Amino acid sequence: MTEDLRQYLKIDKLALDEELVNQASLYYKISEAYTEAAAERDLLKETLAYGDAKIEQDIRKELGDKCTEGKVKSLLTINEKHAEANGHYLDAKIKADRLAALKEAFHQRGYMLRDLAQLYISNYYGADSVKVTQNGESAVYRAKRIRRRDADVTERID
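Reference entry: report on the structure contained in this document. Sequence positions are assigned chain by chain, starting from 1 and proceeding in written order. Thresholds applied to this predicted model are a pLDDT of at least 70 for local features of residues and 80 or more for the giving and counting of side-chain atom pairs; totals over whole chains, interfaces and linings are not thresholded and use all residues. Excluded from the side-chain calculations are hydrogens and water; all other atoms, namely the structure's heavy atoms, are used.

Two side chains that carry opposite charge are able to pair once their charged atoms sit near each other. Basic side-chain nitrogens of Lys or Arg form a salt bridge, by our definition, when they fall within 4 Å of a carboxyl oxygen of Asp or Glu. Considering all chains together, one arrives at seven salt bridges under this definition. Note that Arg60 and Glu69 form a salt bridge whose closest N and O atoms lie 3.1 Å from each other. Classification of residues uses two cut-offs on accessible area relative to the type maximum, computed with a 1.4 Å probe and protein chains only: under 20% is buried, over 50% is exposed, and between them is partly exposed. When its relative accessible area of 29% is taken as the criterion, Arg60 is described as partly exposed. Residue classification places Glu69 among the exposed residues on the basis of a relative accessible area of 55%. Shared partners join several salt bridges into a network, and the residues in it are Glu56, Arg60 and Glu69.

As structure tokens, then:
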């Protein structure tokens, strides 16, 4: 699922209307997938803790008076059931972490759509923005970028 949703991160700046309309449903899908993955991760963490407690009980019964915390801990760590449950938990944690990163990327995508729409409104992509000079540069485009950069610097200083 992560790969399926990742393809929607790319923004088609020539179809901003469609991108804006689809953003909310895409963000909801990834949020829902993340919620399910986080719930699975949390369940497996609890299952791991419960299983570890049972294994520790068995180890303590088996060792009797020779039981030390260090010995119990080391025997728990090498226990096959613990290793298997821990592996499942770590896989679920990786899945949830990847979906959390993807959710954050979709959140950022929303801001980028807003910024691109503002560029469109300000005629950033208009015909006068892309006139090319002899050296292959767009003079109007370059001038607008310099003005915007200077305005941003001025805003930061103020």
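Here the focus is the packing of helix 2 (residues 16-63) against helix 3 (residues 69-77). Convention adopted: a line fitted to C-alpha atoms gives each axis, helices being fitted over their contacting stretch, and angles between N-to-C directions are expressed from 0 to 180 degrees. Helical segments are the DSSP runs of H or I of at least four residues, strand segments are the runs of E of at least two, and each set is numbered from the N terminus. Contact pair helix 2 / helix 3: the axes reach a minimum separation of 10 Å and the direction vectors enclose 125 degrees. Accordingly, the angle class assigned to the pair helix 2 and helix 3 is oblique. Here helix 2 runs over helix 3; the crossing is right-handed. Between helix 2 and helix 3, the contacting residues are Asp52, Ile55, Glu56, Ile59, Arg60 and Leu63 on the first element and Glu69, Lys71, Val72, Leu75 and Leu76 on the second. Among the residues making up the contact of helix 2 with helix 3, the classes are represented as six nonpolar, no polar and five charged. Oblique is the label for any angle not under 35 degrees, not over 145, and not in the 65 to 115 range, which are roughly parallel, roughly antiparallel and roughly perpendicular in turn. In this scheme the handedness of a crossing depends on how the near helix is turned from the far one: anticlockwise by less than a right angle means left-handed, clockwise means right-handed. Any two residues whose heavy atoms approach within 4.5 Å are treated as being in contact. Three classes are used: nonpolar for Ala, Val, Leu, Ile, Met, Phe, Trp, Tyr, Cys and Pro, charged for Asp, Glu, Lys and Arg, and polar for all others, with Gly counted as polar.

Working note: α-helix, 3.6 residues per turn, so residues spaced by three or four point in the same direction. Taking 1.5 Å of rise per residue, 48 residues should cover 70 Å, and helix 2 covers 68 Å from first to last C-alpha, within 8% of that figure. Two axes define the bend at a residue: one fitted to the seven residues ending there, one fitted to the seven starting there, and the bend is the angle between them. Of all the bends in helix 2, the greatest measures close to 40 degrees and is centred on Gln23. Remark: Gly64 follows helix 2 within two positions and exhibits a positive phi of approximately 65 degrees. Each residue after the first adds 1.5 Å to the expected span of a helix.

Burial of nonpolar side chains together is a common tendency in soluble globular proteins. The biggest cluster of nonpolar side chains holds nine residues, and these are Leu5, Leu26, Ile30, Ala33, Ala37, Ala96, Leu99, Leu102 and Phe106. Not counting residues within four places of it along the chain, the set of residues in contact with Leu102 comprises Thr2, Leu5, Arg6, Leu9 and Ile30. Within the second largest apolar cluster, five residues are counted, among which are Ile59, Leu63, Val72 and Leu76. For the purposes of this section, nonpolar cores are sets of buried Ala, Val, Leu, Ile, Met, Phe, Trp, Tyr and Cys residues that join through side-chain atoms within 4.5 Å.

Counting through the fold element by element, Glu19 comes out in helix 2. Apart from the residues lying within four places of it in its own chain, the contact partners of Glu19 are Lys10, Ile11, Asp12, Arg109 and Leu113.

So, about the packing of helix 2 against helix 4 (residues 80-121). Packing of helix 2 against helix 4 leaves a shortest axis separation of 8 Å and a crossing angle of 160 degrees. Comparing the axis directions of helix 2 and helix 4 gives the class roughly antiparallel. Handedness of the helix 2/helix 4 crossing: left-handed. For the contact of helix 2 with helix 4, the per-class residue count stands at 24 nonpolar, seven polar and 11 charged.

A separate point is the environment of Thr47. Assignment of secondary structure puts Thr47 in helix 2. Put simply, Thr47 and Ala85 are 38 residues apart on the chain and 7.7 Å apart in space, counted from C-alpha to C-alpha. Each polar contact in these results corresponds to two N or O atoms within 3.5 Å; when the atoms are within protein, one needs to be able to donate a hydrogen and the other to accept it, and residues that are neighboring in sequence are counted only if both atoms are side-chain atoms. In terms of polar contacts, Thr47 uses its side chain to reach the backbone carbonyl oxygen of Leu43, at 2.9 Å.

Moving on: the environment of Ala38. Within the secondary structure, Ala38 is located in helix 2. Linking Ala38 and Ala92, residues 54 residues apart in sequence, is a C-alpha distance of 7.9 Å.

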